[in-house]
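The residues making up each chain are set out below.
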Amino acid sequence: MIPAASQPQNKPEVKPEAKPAATEPQTKPKAKPEVKTARSKPHRRPEGKPEVKPEAKPAATKAQEKPAVKPSDVIVKEKVEVVQKEEKPVAEKISIGELHLSGCTGCLVTIADNYEGLFKLLDDYADLVYALTLVDTRHVPEMDVCLVEGSCCLNDKLSVEELKEAREKSKVLVAYGACAAYGNITRFCRGGQWNQPGHEAFVPISEVVDVDLYIPSCPPCPQEVRNVAVMAYLLLKGNEEQKALATAYLTPLMQLAKRGNEACGCDLMYDVINQGLCMGCGTCAGTCPVRAITMEYGKPNVNRDQCIKCGACYSQCPRSWFNFDVMNNYEGIMDAIKGAMQ
Amino acid sequence: MDVLGNYKSVISARSTDKDITKKSQDGGIITTLFAYALEEGIIDGAIVAGPSNEPWRPEPMVATTKAELLAAAGTRYTISPNLYLIKEATRSYGLDRVGIVGVPCQIQAVRKAQLYPIGMRDVDDKIALALGIYCMENLSYQALEAIVEDHCNQKMESVKKMDIGKGKFTVYTERGAVSQMPLKLIHKYVQPGCNVCLDYVANLADISSGSVGSPDGWSTVFVRSMKGNAVWDGAMAAGLFETKPIDQVKPGLDLVKKLATEKITKNQKTVDARKTIGLKADGTPKGLRNPYESP
């Protein structure tokens, strides 16, 4: 409606600028909406180039007051498209945040490693309401799912406080990545590192707060984050059948959280080989992100000095858990996730 | 789910490729399907049980040619940790479409890696064809050595073929000797991990194949998934297999079903027995870890 009013007046001026804008919306707006909803007050003025999209909102209101210079007109056009796309799904979306504690940001990058899949997730299923560098929100907001990256440094009061705040304000708290779940590489910290030599006590987040679900490995897999996000969406917004599926899918990851916060390649010995469950399939060796596992005569052998304690080998092992109710429907579930991402 | 899993069709089949049937264990189904899939670009490479520097010890390898597939053809009665290469195949080998063959537990591992890709980055959509082989139980390499060298009294390096059938483990040597031992003597050598396995005919594979149920030199083939169906139809249309309806061959599907039921019943008992194997202070039973309940 807005462009209908403003467009005709400025048509000749808009045209040259509008062309690049016309090609852009196909890719860009998909990514942006969530970021914008998170921004409470975009202050900067839309004097810049039209491709600075986050400024779309103030530009729109301005344009109504005084139909003005070319660049802002182009922005008006874009703005309308963005809002229309966003308005419908927003009500049904879940909100996801990422709390960044003592980690390397690899987990956060992993979310982005879903590439166009991330756009789809953010368009239809989840609003990203809190995340380092990606969302301009300073304080931990209310959210459905909070992914916590990194272990918690006990010497850093803010970490402890924010972690507790995240627990309070989220429905589901996820230990996202090996540091949050198991301590991972931060288990080896002895303090003395630049620029906080006093920081030496790092614990998996479950030492400080209750954790609902684990996504282990270092880094975690983008596909696993995607699956968990889709399943969390189904759990919170789906019909009964979808809720049942999501519950079945998420159960083992929740059980992992109950199992404890110590992980190591040794788990393969303690909980698989020693328990008489290993059949030598090779999954653990193929999974290990640091190649600490080799297969010696049909059984895994862990180079324990090389192991970073990320928990990937054990949780990927088909004999750590194997839930037939989910696995027997692998074809349907994979198709469903694929369909959800199209 | 039935003991035979979900399947779209089951048929008795044999490869029409003489190069393959010369080297294959039975009907040459797996080798032929992979060769076809490579040729058609359905897969870029297949993770198979290749040769190693020890006789009859398989080593996982990525085969990208028919010659490499042929080098890996035939059954070795010990585990080849094929999943070891599943991520590597998409990395250093740069494959976008991976084929993989495995025994039932390995196909389970493939599906878990796809549904729960915890440490399997960028793998889930690259599994283009997962072929399963029937498996009753498996042996460590040292156990196989004990069976061949102690029980059958043959040297590993002189063995031409090993086979299991009709209740016997049979060893054929290069010089024509044949040694046999009753299959039930093997049980003490079986990997303990195999005793909790609840899958006989690779229920989660795209296509699974094995000798049981079909005449000598033929295999019983279950076509299970959409993907598997497309590949099977293509291979059939290309004339790569001769087939017989499963209800017209001896011993037929009933034997497959009988063995599957036997295995699953026996192993379910083991799984259940593990729950009450020990004793708590209060006199109630203490159990071992059950992978089918929780991690």
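Calculation notes
Residues numbered from 1 in each chain as written. Chains lettered and ligands numbered in written order. Predicted model: local features only at pLDDT ≥ 70, side-chain atom pairs only at ≥ 80, totals over all residues. Helix = DSSP H or I, 4+ residues; strand = E, 2+ residues; numbered from the N terminus. Buried ≥ 20, exposed ≤ 12 C-beta atoms within 10 Å, placed from the backbone. Contact = placed C-beta atoms within 7 Å. Nonpolar A, V, L, I, M, F, W, Y, C, P; charged D, E, K, R; others polar. Pairing = 2+ DSSP bridges. Axes fitted to C-alpha atoms, helices over the stretch in contact; angles between N-to-C directions. Domains from an automatic or database assignment. Core = buried A, V, L, I, M, F, W, Y, C linked by C-beta atoms within 7 Å. Parallel < 35°, antiparallel > 145°, perpendicular 65-115°, else oblique. Left-handed = near helix turned anticlockwise from the far one by under 90°. Expected span 1.5 Å × (residues − 1). Arc of directions from axis to C-beta.

## Re the overall build of chain A
- Secondary structure assignment for chain A yields 15 helices and nine strands.
- The 342 residues of chain A split such that 48% are buried.
- Taking contacts inside chain A between residues at least 6 apart in sequence as the whole, the part at least 24 apart equals 74%.

## With respect to the interface of chain A and chain B
- Contacts between chain A and chain B engage 42 residues on the former and 47 residues on the latter.
- Residue assignment for the side of chain A that touches chain B shows that the elements contributing at least two residues are α9 (222-237), α10 (240-259), α12 (283-287), α13 (312-316), α14 (324-327) and α15 (330-340) of chain A.
- Classifying every residue of the side of chain A that touches chain B gives 22 nonpolar, 15 polar and five charged.

## Observations concerning the sheet that holds strand β8 (residues 178-182) of chain B
All names here are of chain B.
- Reading across from one edge, β6-β7-β8 is the order of the three strands in this open sheet, with antiparallel pairing throughout. The open sheet has two free edges, formed respectively by β6 (159-165) and β8, since each of these has just one partner strand. Going across the sheet, the axis of each strand differs from the next one's by a mean of 15°, ignoring polarity.
- The pairing of β6 with strand β7 (residues 168-173) spans six bridges and is classified as antiparallel. Residue pairing in the sheet places Gly165 in a bridge with Lys168 of β7.

## Points about the sheet that holds strand β3 (residues 59-63) of chain B
Residue and element names in this part refer to chain B.
- Taken in spatial order, the eight strands of this open sheet run β3-β2-β4-β5-β9-β10-β1-β11, and their pairing is mixed. If you trace the sheet from one side to the other, it starts and ends with β3 and β11 (241-245), each paired once. With strand direction ignored, the average angle separating the axes of adjacent strands in the sheet is 30°.
- Each of β4 (98-102) and β5 (127-133) is contacted by helix α5 (residues 104-115), which is oriented at about 155° to β5, the strand it contacts most.

## Regarding the domain arrangement of chain B
All names here are of chain B.
- In terms of domain boundaries, chain B breaks down into domain 1 (9-136 + 192-286) and domain 2 (139-189).
- Contacts between the two partners involve six residues from domain 1 and, on the opposite side, nine residues from domain 2.
- Across the side of domain 1 that touches domain 2, the residue classes tally to three nonpolar, two polar and one charged.

## Overview of the nonpolar core
- Ranked by internal contacts, the top residues of the largest apolar core, which has 159 residues, are Val148(A), Val174(A), Ala175(A), Ala229(A) and Leu33(B).
- If you tally residues by element for this core, the top one is α9(A), at nine residues.
- Excluding residues within four positions of it along the chain, Ala229(A) makes contact with Ile96(A), Leu121(A), Tyr125(A) and Ala126(A).
- Tyr77(B), Leu139(B), Ile147(B) and Ile186(B) belong to the second-largest nonpolar core, a separate cluster that totals 11 residues.

## Looking at the packing of α15(A) against α5(B)
- Look at α15(A) against α5(B): their axes get within 11 Å of each other, and the N-to-C directions meet at 20°. Our classification of the angle between α15(A) and α5(B) gives roughly parallel. Crossing of α15(A) against α5(B): the hand is left-handed. Contact with α15(A), carried on its side by Tyr330(A), Ile333(A) and Met334(A), involves Arg111(B), Gln114(B) and Leu115(B) of α5(B) and no other residues of that element.
- Here the residues of the contact of α15(A) with α5(B) sort into four nonpolar, one polar and one charged.

## Things to note about the packing of helix α2 (residues 29-40) of chain B against helix α7 (residues 226-237) of chain B
Residues and elements named next belong to chain B.
- In the contact formed by α2 and α7, the axes pass within 10 Å of each other and the chain directions differ by 90°. With respect to each other, α2 and α7 are oriented roughly perpendicular. Touching Thr32, Leu33, Tyr36, Ala37 and Glu40 of α2 are Val231, Gly234 and Ala235, all from α7.
- A per-class count over the contact of α2 with α7 returns five nonpolar, two polar and one charged.

## Looking at helix α7 (residues 157-169) of chain A
All names here are of chain A.
- Here α7 is 13 residues long and its end C-alpha atoms lie 18 Å apart, about the 18 Å a rise of 1.5 Å per residue gives.
- When α7 is considered as a whole, its buried residues turn out to be Ser159, Leu163 and Ala166. When α7 is viewed along its axis, its buried side chains cluster within an angular range of 60° and face the same direction. Along α7, the residues that are exposed and aim more than 90 degrees away from the buried face are Lys157, Leu158, Glu161 and Glu168.
- As for α7, its buried residues are in contact with β1 (94-100), β3 (143-149), β4 (152-153) and β5 (170-176).

## So, the pairing of β8(B)
Residues and elements named next belong to chain B.
- Across five bridges, β7 lies against β8 in antiparallel orientation. In the sheet register, Val171 faces β8, and the bridge partner there is Ser179.
- What sits between β7 and β8 in their antiparallel hairpin is a turn of four residues, with Gly176 showing a positive phi close to 100°.

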